[in-house]
Amino acid sequence: MICEFQKDTKEMYVKFEGEIDHHTCQIMKNELDYEIHRNTPNKLVFDFKNVKFMDSSGIGLLIGRYKSLLRIGADAEIINANKEVKRILDMAGIFKIMLIKEEIA
Amino acid sequence: MIINEMKLEIKSKSNNEAFARVVVAAFASQLDPTIEQIADIKTAVSEAITNCIIHAYDMKEGNIELKCQLTEDSIYIDIIDYGKGIENIEMAKQTLYTSKPDADRSGMGFTIMESFMDKLTVESIVGMGTKIHMEKVIKEAK
Ligand SMILES: Nc1ncnc2c1ncn2[C@@H]1O[C@H](COP(=O)(O)OP(=O)(O)O)[C@@H](O)[C@H]1O
Ligand SMILES: [Mg+2]
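Conventions and cut-offs
- Residues numbered from 1 in each chain as written.
- Chains lettered and ligands numbered in written order.
- Predicted model: local features only at pLDDT ≥ 70, side-chain atom pairs only at ≥ 80, totals over all residues.
- Heavy atoms only, no water.
- Helix = DSSP H or I, 4+ residues; strand = E, 2+ residues; numbered from the N terminus.
- Contact = heavy atoms within 4.5 Å.
- Near = heavy atom within 4 Å.
- Polar contact = N/O pair within 3.5 Å; in protein donor to acceptor, adjacent residues only side chain to side chain.
- Areas by Shrake-Rupley, 256 points an atom, 1.4 Å probe, with all protein chains shown as cover.
- Salt bridge = Lys/Arg side-chain N within 4 Å of Asp/Glu carboxyl O.
- Buried < 20%, exposed > 50% of the residue type's maximum accessible area, 1.4 Å probe, protein only.
- Pairing = 2+ DSSP bridges.
- Buried area = accessible area lost by both parts, 1.4 Å probe.
- Nonpolar A, V, L, I, M, F, W, Y, C, P; charged D, E, K, R; others polar.

> Even after reading the chapter, I still don't get the environment of B:Met134, so can you show me in this structure?
Residues and elements named next belong to chain B. Looking at the secondary structure, you find Met134 in strand β5 (residues 129-137). Sequence spacing of Met134 and Ser124 is 10 residues, and the spatial spacing of their C-alpha atoms is 15 Å. Residue contacts for Met134: discarding those within four places in its chain leaves Ala44, Val45, Ala48, Ile75, Tyr76, Ile77, Ile79, Met113, Met117, Lys119 and Leu120.

Given below as structure tokens:
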């Protein structure tokens, strides 16, 4: 996972890598919470381009982070989710709380 | 008729989630599934194994049994734990229900297993353990 913060726009960019399951979420969750707390972004972009697998633990990870973003008044956005990931996001109704953008290069 | 079978016992460690779903996917590949069917099976197995680790055994040590059978056209998967069991199966299966909302669980596990597989049955005895049985047709009858 790569976290980048743009100081001028206050946008945080998170690029997930590999597989998102309960095991990998435990590690990513701590890093994400630390970065959100440290940067207080006004927007967070989750990039799923390099995600090969995701189960419902990924939904828990997103909803959990959404709660802390709400507290600081930040928006969240999802980009580059593949068909499999998108099916799970849709099933959980993530589009109700985050903007899901179609393919971006 | 069962044409092939495998059985595996693993510790309830979270890094076995990836191991278990890859093993089942590799076993299922004998039936020549599509990429989408493989993704469905991996996700369902990941959900069931994760539940054993975080719910049945509460992140403590325990053993998980994984059994797979192949027929000419389908895969049958059993995932068995000897953990705390489920008191109310109907409630547990409801979408968004989770007994661990503060641990970042989404309550989507059973919903995913049910919709990605063709059949799901849950047997459980409180204090004894839980058996998840799933079936998926890989080749439609001609
Ligand atoms: N193997 C199991 N042993 C004990 N309880 C379980 C097991 N699997 C599921 N449960 C119970 O069923 C609930 C719903 O499971 P699930 O749909 O996967 O959601 P989640 O894992 O996000 O809580 C869990 O919160 C837990 O209380
Ligand atoms: Mg679960």
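Additional details are given in the paragraphs that follow.
> Where do I start with the site of ligand 1 in this structure?
Residue and element names in this part refer to chain B. Of all residues adjacent to ligand 1, which total 16 residues, the nearest are Asn51, His55, Thr98, Ser99 and Gly107. One of the side-chain nitrogen or oxygen atoms of Asn51 is found 2.9 Å away from an oxygen atom of ligand 1. One of the backbone nitrogen or oxygen atoms of Phe110 is found 3.0 Å away from an oxygen atom of ligand 1. Contact with the protein chains hides 97% of the accessible area of ligand 1, taken as 530 Å² for the molecule alone. The biggest single contributor to the shell around ligand 1 is helix α2 (residues 35-56), with 3 residues.

> Where do I start with the pattern of salt bridges in this structure?
As a working rule, side chains carrying opposite charge can pair if their charged atoms are close by. Tallied over the full model, the rule gives 16 salt bridges over all chains. For the salt bridge of B:Asp40 with A:Arg87, the shortest nitrogen-to-oxygen distance reads 2.4 Å. Linking B:Asp40 in helix α2 with A:Arg87 in helix α3 (residues 83-91), this pair reaches from one chain into another. B:Asp40 gets classed as buried once you look at its relative accessible area, which sits at 7%.

> Would you explain the pairing of strand β2 (residues 63-70) of chain B in this entry?
Regular strands show a simple pattern: their side chains alternate between the two faces of the sheet. Residues and elements named next belong to chain B. Where strand β1 (residues 4-11) meets β2, 8 bridges bridge the pair, whose relative direction is antiparallel. Note on β2: the bridge partner recorded for Lys11 is Asn63. Strand direction decides the pairing type here: β2 and strand β3 (residues 74-81), joined by 7 bridges, are antiparallel. Bridging from a neighbouring strand, Leu70 pairs with Ile75 of β3. Where β2 folds back on β3, the antiparallel hairpin that results is connected by 3 residues.

> In this structure, what is going on with the interface of chain A and chain B? I would like to understand it.
Many analyses report the size of an interface as the accessible area lost when the parts associate. The interface of chain A with chain B comprises 21 residues on the first partner and 24 residues on the second. With both chains or domains summed, chain A and chain B bury close to 1,900 Å², and 52% of this area falls on carbon and sulfur atoms. Across the contact surface, chain A and chain B share 5 salt bridges. We note a salt bridge from B:Asp104 to A:Lys29, for which the minimum N-O separation is 3.9 Å. Across the contact surface, chain A and chain B share 12 residue pairs in polar contact (both at pLDDT 80 or more). When residues of the side of chain A that touches chain B are traced back to their parent elements, those giving at least two are α1 (22-39), β3 (43-54), α2 (56-71) and α3 of chain A. Broken down by element, the residue count for the side of chain A that touches chain B peaks at 7 residues, all from α2(A). When the residues that make up the side of chain A that touches chain B are grouped by side-chain class, the tally is 7 nonpolar, 7 polar and 7 charged.

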